[in-house]
Amino acid sequence: MAFIRKKEQRRRERFSLLLLDLEEYYFEQHTAYHLTSGGSVRDRRVRGSFKVCSKSVIFEPEDAAEPILKIPLKDCRRIEATEDHGRNPFAEGKPPCVSMESRQVYLIKEGNVVAPYKIERGDRDYLFHLETTVKTEDVVQTLLQLHRASCLDKLGDQTAMIAANLQSRLARTSFDKNGFQSVSEQPHMECEAEMVSPLVTNPGHVCITNQSLYFQPLNSYPDSVVQIRLHSIRRIYKRRHGLRPLGMEVFCSEDDLCSDIYLKFYNTKDRDELYYYIATFLENHMAEHTAESYMLQWQRGHISNYQYLLHLNNLADRSVNDLSQYPVFPWVISDYSSPRLDLNNPASFRDLTRPVGALNTERLERLLARYRDMPEPSFMYGSHYSSPGYVLFYLVRVAPEYMLCLQNGRYDHADRMFNNIAETWRNCLDGATDFKELIPEFYGSDSRFLRNELCLNLGKRQGGGKVGDVILPPWASDADDFLQKLRCALESQYVSENLHEWIDLVFGYKQRGCEAVAAHNVFHPLTYEGGIDCDSIEDPDQKIAMLTQILEFGQTPRQLFSTPHPQRITPRYSSVSTTTPSSSELSPVTPSEDSSFEDLTEESKKLAWSNMSKLTLQCRHKLHKEAVTGFAVTCNGASIFSTSRDSTLKMFSRESNSLQRSISFSNMALSSCQMLPEDQTVVCSSWDNNIYFYSVAFGRRQDTLMGHDDAVSKVCWKDDQLYTASWDSTVKVWRCVAAEISTNKRSQFELLAEFEHDAGVNTIALNPAGTLLASGTKEGTLSLWDIPSFTLLHQMPCHAAKIHHMAFSPDSRHILSVGEDVTMRVTDVQTGMLISTIPTEEEQRCFCWDGNTVLSGGQSGDLRLWDLLSGKVMHKIPAHRGPVTAVWMSEQCSTVITGGEDKQMLVWKPQY
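Everything numeric in this text was worked out from a predicted model, so none of it was measured.

When helices and strands are tallied, the protein chain shows 17 helices and 42 strands. With the principal axes as the frame, the protein chain shows a C-alpha extent of 120 × 65 × 60 Å. Counting the 912 residues in the protein chain, one finds 56% classified as buried. Long-range pairs, those at least 24 residues apart, make up 57% of the contacts in the protein chain with a sequence separation of at least 6. Surface summary for the protein chain: the accessible area is close to 38,500 Å², and the carbon and sulfur share equals 47%. Treating the 96 positive side-chain charges of the protein chain as one cloud and the 117 negative ones as another, the clouds have centres 2 Å apart.

Spatially, seven strands are ordered β11-β10-β9-β8-β14-β13-β12 in an open sheet, and the strand pairing comes out antiparallel. The outermost strands of the open sheet, each flanked by one partner alone, are β11 (226–229) and β12 (235–241). Averaged over all pairs of adjacent strands, the angle between their axes in this sheet comes to 30°, without regard to strand direction. Bridging between strand β8 (residues 187–197) and strand β9 (residues 200–209) involves 10 bridges; their strand directions are antiparallel. Within the sheet, the bridge partner assigned to C191 lies in β9 and is V206. Along the sheet, helix α7 (residues 305–315) contacts β12 and β13 (244–251); its crossing angle with β12, the most-contacted strand, is approximately 55°.

Let us look at helix α15 (residues 540–553). Taking 1.5 Å as the rise per residue, α15 with 14 residues should run 20 Å; its terminal C-alpha atoms sit 20 Å apart, in good agreement. Buried-residue contacts for α15 involve α3 (155–172). Of the residues trailing α15, G554 is marked for its positive phi of about 120°.

This brings us to the nonpolar core. Judged by nonpolar contacts, the single largest core of 122 residues is most densely connected at I333, F442 and F482. Within the second largest apolar cluster, 29 residues are counted, among which are V52, V105, F128 and L170.

Reading across from one edge, β24-β25-β26-β27 is the order of the four strands in this open sheet, with antiparallel pairing throughout. A strand with exactly one partner marks an edge of an open sheet, and here the two such strands are β24 (712–718) and β27 (750–756). Across this sheet, the average inter-strand angle for adjacent strands is 20°, counted without regard to direction.

Let us now look at the pattern of salt bridges. According to the stated counting rule, one finds 40 salt bridges in the structure shown. Across the salt bridge formed by D75 and K74, the nearest N and O atoms sit 3.7 Å from each other. Assessed through its relative accessible area of 8%, D75 is described here as buried. Residue K118 is joined to E110 by a salt bridge in which the shortest nitrogen-to-oxygen separation is 3.1 Å. The class of E110 is partly exposed, set by a relative accessible area of 38%. Each of R239, R240, E249, D317, E529 and R558 takes part in a single network of salt bridges with overlapping partners.

What follows is about the side chain of D688. As for its position among the elements, D688 is in the loop between β21 (681–686) and β22 (690–695). Look at D688: it is buried, it has no salt bridge, and the nearest opposite charge is R701 at 7.0 Å. Of note is the side chain of D688, whose polar atom sits 2.8 Å from the side chain of S686. Within the structure, the side chain of D688 is placed 2.4 Å from the side chain of Y692, a separation counted as a polar contact. Sequence-distant contacts of D688, defined by excluding residues within four places in its chain, comprise S666 and M668.

Among the secondary structure elements, I550 is positioned in helix α15. Overall, the relative accessible area of 1% leaves I550 in the buried class.

Attention shifts here to a negative patch on the surface. Residues D709, D710, E754 and E756 make up a contiguous surface patch of negative charge. Looking at the secondary structure, you find D709 in the loop between β23 (700–706) and β24. Exposure remark for D709: the relative accessible area of 70% places this residue in the exposed category.

It is worth spelling out the packing of α3 against α15 at this point. Close contact between α3 and α15 brings their axes to 7 Å; oriented N to C, the two are set at 90°. It follows that α3 is roughly perpendicular to α15 by the angle criterion. Note on element contacts: α15 touches α3 through P540, D541 and I544, opposite L155, G156, D157 and T159.

Applying the stated criterion across every chain, the model contains 37 aromatic pairs. Ring centres 5.7 Å apart and planes at 35° place the aromatic pair F175 and F180 in the tilted group. The class for F180 is buried, based on a relative accessible area of 14%. Taking 4.6 Å as the distance between ring centres and 20° as the angle between the ring planes, the aromatic pair formed by F349 and Y494 counts as stacked. One end of the pair, F349, is in the loop between α7 and α8 (361–373); the other, Y494, is in helix α13 (residues 493–506), with 145 residues separating them in the sequence. Judged by relative accessible area, which is 6%, F349 ranks as buried. Through a chain of ring-to-ring contacts, the aromatic side chains of W331, Y336, W425, W475 and F482 assemble into a single cluster. Above the face of the Y33 ring, R45 is positioned so that its terminal group lies 3.9 Å from the ring centre. Stacked on the ring of F15, the Lys or Arg K51 has its end atom at 4.5 Å from the ring centre.

Moving on: the confidence of the model for the protein chain. For residues with low pLDDT, the predicted coordinates do not support detailed interpretation. Chain-level statistics for the protein chain give a pLDDT mean of 89 and a share of 92% at 70 or above. Summarising per-element confidence for the protein chain, the mean pLDDT is lowest in helix α5 (residues 285–288) (46) and highest in strand β28 (residues 761–766) (98). Every residue in residues 86–92 is under pLDDT 50, and counting partners more than four places away or in other chains gives 12 contacts. Within the model, pLDDT remains below 50 along residues 572–598, and this stretch shows 21 contacts once partners closer than five positions in the same chain are excluded.

With that settled, the discussion passes to the side chain of E185. Considering the arrangement of structural elements, one finds E185 in the loop between α3 and β8. Salt bridges are absent for the buried E185, whose nearest opposite-charge side chain, R229, sits at 5.4 Å. A distance of 2.6 Å separates a polar atom in the side chain of E185 from a polar atom in the side chain of Y214.

Take the state of the cysteines next. Put plainly, two cysteines are in a disulfide when a covalent bond ties their sulfur atoms together. Scanning the entire structure with this criterion turns up zero disulfides. Between C405, a free cysteine, and C53, which holds the nearest cysteine sulfur, the sulfur-to-sulfur gap is 12 Å.

Turning next to unusual backbone geometry. Omega for the peptide link from Y221 to P222 comes to 0°, which places this bond in the cis form. The residue P222 is located in the loop between β10 (212–217) and β11 in this model. For the bond running from E376 to P377, omega is -5°, close enough to zero to count as cis. Assignment of secondary structure puts P377 in the loop between α8 and α9 (388–395). The backbone phi angle of D679 is positive, close to 60°, even though this residue is not glycine.

So, about the environment of V391. Considering the arrangement of structural elements, one finds V391 in helix α9. For V391, a relative accessible area of 1% corresponds to the buried category. Note: C-alpha distance between V391 and P339 (52 residues apart in sequence) is 28 Å. Setting aside chain neighbours within four positions, we find V391 in contact with L323, Y326 and I439.

Thresholds applied
- Residues numbered from 1 in each chain as written.
- Predicted model: local features only at pLDDT ≥ 70, side-chain atom pairs only at ≥ 80, totals over all residues.
- Heavy atoms only, no water.
- Helix = DSSP H or I, 4+ residues; strand = E, 2+ residues; numbered from the N terminus.
- Buried < 20%, exposed > 50% of the residue type's maximum accessible area, 1.4 Å probe, protein only.
- Contact = heavy atoms within 4.5 Å.
- Areas by Shrake-Rupley, 256 points an atom, 1.4 Å probe, with all protein chains shown as cover.
- Lys, Arg positive; Asp, Glu negative; His and termini not counted.
- Charge placed at Lys NZ, Arg CZ, Asp CG, Glu CD.
- Pairing = 2+ DSSP bridges.
- Axes fitted to C-alpha atoms, helices over the stretch in contact; angles between N-to-C directions.
- Expected span 1.5 Å × (residues − 1).
- Core = buried A, V, L, I, M, F, W, Y, C linked by side-chain atoms within 4.5 Å.
- Salt bridge = Lys/Arg side-chain N within 4 Å of Asp/Glu carboxyl O.
- Polar contact = N/O pair within 3.5 Å; in protein donor to acceptor, adjacent residues only side chain to side chain.
- Patch = residues over 30% accessible without salt bridge, like charges linked within 9 Å, V, L, I, M, F, W, Y side chains within 5 Å.
- Parallel < 35°, antiparallel > 145°, perpendicular 65-115°, else oblique.
- Phe/Tyr/Trp six-rings, centres within 6.5 Å; stacked < 30°, edge-to-face > 60°.
- Lys NZ or Arg CZ within 6 Å of the ring centre and 35° of its normal.
- pLDDT = per-residue confidence, 0-100.
- Disulfide = S-S within 2.5 Å.

Structure follows, in C-alpha cells:
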C-alpha cells in the first residue's frame, strides 16, 4: 500500500486530485467566499478555496464540517461575472462575483467523513466572491471556455479542446529556476510532462540539471516543486502509459514498491533523452536491471520469491502508480477452510501451472466451448486477472477515495465487495467472469487493508450484516497472522519449485501465441502489448473509447521471456513451518558421517573463494617459446604439465622448482591437455588433427588417435570416455579406458558418438557428473548434449563471435562462457535460455568460477574477480605481460595456475 502511505502524509488536506473525474486536470485555485442566502451575515460568507478544473469547479470550505462542493461544468446553465446585488455588505463598490447556475452539485466529505457523494439535483444558483477581485473576469472567461468544451457532443472534441487549453497554459509558463537547490546547478533540459499517481495526472514542467531532477506542477499542488537528487536514484524504468511509450518511473530505493516520481511525457523523444541522461549518470544501470540478471539472483537464492516477482513486475511495466498496470501476484494457497494450514502438503497449494481461469475443469470446459464457437478475434476469458477495479476491490478499506473516484462517487454493492477470503477464492474458481489474481499487499506486512479501521459505511449485505473487516480463514488467528502465513507460503518449497510455471503464464512464453492457447491462457486481444495501435485510429471518439476500455479492462504485462523459465535451485535441506520457528527448528542439520567429508570440502572451497581477492603469487616460470594453452596437474600437485603453441608438452616439478621434461609430438601447436586417473597418462590435443597420449611412467608417447580432419581444439575425459573437439565442426566421443592406456599396450579407441556443428568447435566442457557436454563454436553458437543418450538438448546463438572458454557451475544448473564479442554470458541448462549478459570491457580468454564468483584472465594480462550477480569487477590482480590464455584451479580451490602469451606460468595461492 505504498501509494496510500504517500497520501497519508497529506491526510489533513481534504482536497485531493481524486475528487476530479478520470482524465480531468486541476488548473488553478483562488481564495474565495461562497455567498449563500438566508441566516446571519456570518452564515452567508463561507471562506474557502475556489478551484478551477477542466470539467468542474470545486469549492473547498475552510471549515472542515462544511461539505466540499463539486459543480460539473456540463451541468451549468449559466456562468457569468455579476455583482452580488447587495448580498455582500462587506465590499465597497459591489465588486463582481462568479455566478453559476447548475442542475446538480456533489456534496463531498460532509462533516469531514469519507463517504459516497451526495447529489443535490435541481436548478440552483452559486455565487463566489474571489478575494483577488481583479481576476474574476479572467476566471469567468476560463470557465466559459471549459464549459463549451464540456458541452460538445463528441468526447473526442471535448478532449481536444481541453488539451488545447492545457497546452496553452504550459506554453505561457516555464520552469522557475528559483526552485533550484543550488545556484551552481547547470540545467541540461526542460520540457512539459505530467506527474502520475493512481487514477490522476498532474501537468507541469520538468527540468533536469547536473545534480537534480525537478518537477514543477502547473497548479503548485501538492508542492510547488518536487526534487529528486540524481545521486540518490537507484532504479529507473521506461513505462508504457495509456499504451504509449511516454512514461518514466524513478526509484530512490532498491526494494520499495512505490517510486519517488512517475512522469508521463507528451512525446517519446523527451522521455528518452531524460532517461538516458539519468542512465548515463548511473554507472552500469542497464546491465544491473534486466530480467535475466534478476533471474540469476533468484535461481541461486540471493533474492526471495517476493522480491523476484516485484522486480519482474517492474520490468514488465507494472507500477503502483498505474492501477491499470498494478503489480500482479499469484494466489498460492488453495486451502481456506482447514483449521490448520499445512505448508508441507502440496494439496494446500494452488496449481501454478494453470491460469486462474483453468483451475476449475468444469468451468474451463464451458469457456472452451464458447471459445471454439467464437469468431475472430477469439479469447477464452472475458475479463482480466488484473484491473483497476480488482485492485481497489482488495484495497477499498484503506483507499476509499480511490474507489469513489473510480466509481463516480459510489461504493460497489455490499455483496460484491471484498468480504471473505474463502468466498473470494471460491468465486475465482467458479465465477463466470472472475479470474483475478492477487496484489503484492497480500504478501506484505501491513494488514490494514483487511480491517475497516476507518469505520467506513460500506453498506449492508443481503443477510443484514454490515460490511466490516474481511473474514479470514480458520487457520489465521488475525490479519497479521494471515499475511505472515501467506508470506511463508510464497517462500515455501512447493512455490519455489513451481513459481517458474506461473511466471511462464504471466511474464513468459505461455503469455501469447500457440503456447498460450495450449495453456488455456488467452485473454482479449486488446489487453496485450501491441494488440492495437491507438495512434492509427483517426476517429478521436473511437480512439478515446478504445483507450478507456483498455485501461479499465486491464492489461497483460510486457512479455519478458520467450523461452521456458528455469526452475529455482531449491536447498538440499528445507523445513517449512506455518508458525514462527522455534530455536530447535532453527538449528542446523547435522550431516551424516557419509556426507561430512563432502561438507568439509565444500566449506574449504567457500573459504578459498571468499579470499580469492587475496591471491598471492608463489612463483613465476618462463617454460615455453610461445603462448601457454593448457595445464594438467597430478593429484598431489607435485607435477605440472603444460602445453603451448610452441608444440611442446612440459613437465614442471613443484618439489625441485624446475623443469623436468620437454616433449614434442609434432611441429604444430598443442591446444590443451588432460590428466587421466592415477596420474599415469597425459592426453594432448594438437593442431595437426591428432590426439597424443603421453605415459608419465615411461616418459614417452604411448599412443596416437588420428580422429579429426582439422585441428583438435580441446579434450575432456570422464568415466572412460574421451571427448575431442575440432575445427572440423565435430565433437567426437571415444571409449578410452585409462587403465588400458597406462599398461604400455596400444589401445583400441571405439567411436561412440559424433556431434555435428555448423562451424568449427573451439571449446567444450563437461558437467561434474559427466552427463552433459557443452560445446562452443567459432561463430558463437552454444550446444548442449545429453551424454547417456548422445542427443542434442539445446542449441542457441550465445555469443556474436568465437567462444573462447566455457564451464558448468558446480551444481550443473548454468553454463558460463566468454567470447570474442567482449561479453561474459550465463545460460540456463534446463531451458537453454540466455539469462545474463555482462560486458567485460576487454576479451576474457579463460576463467574458473564457483557459480557466483568468477576469476577470469583477459587481453590485458590482469586477473579479474567478478561478482556475477551484480556484473561488476570486485578486484583486479596484475598477472601477465600480455593476454592470459589458460587457467587451472585445484579441486579444493587452494591453488591457481595461469599461463599467457608472455610464455610464462604463474602459480598463485589465496591468503587466509
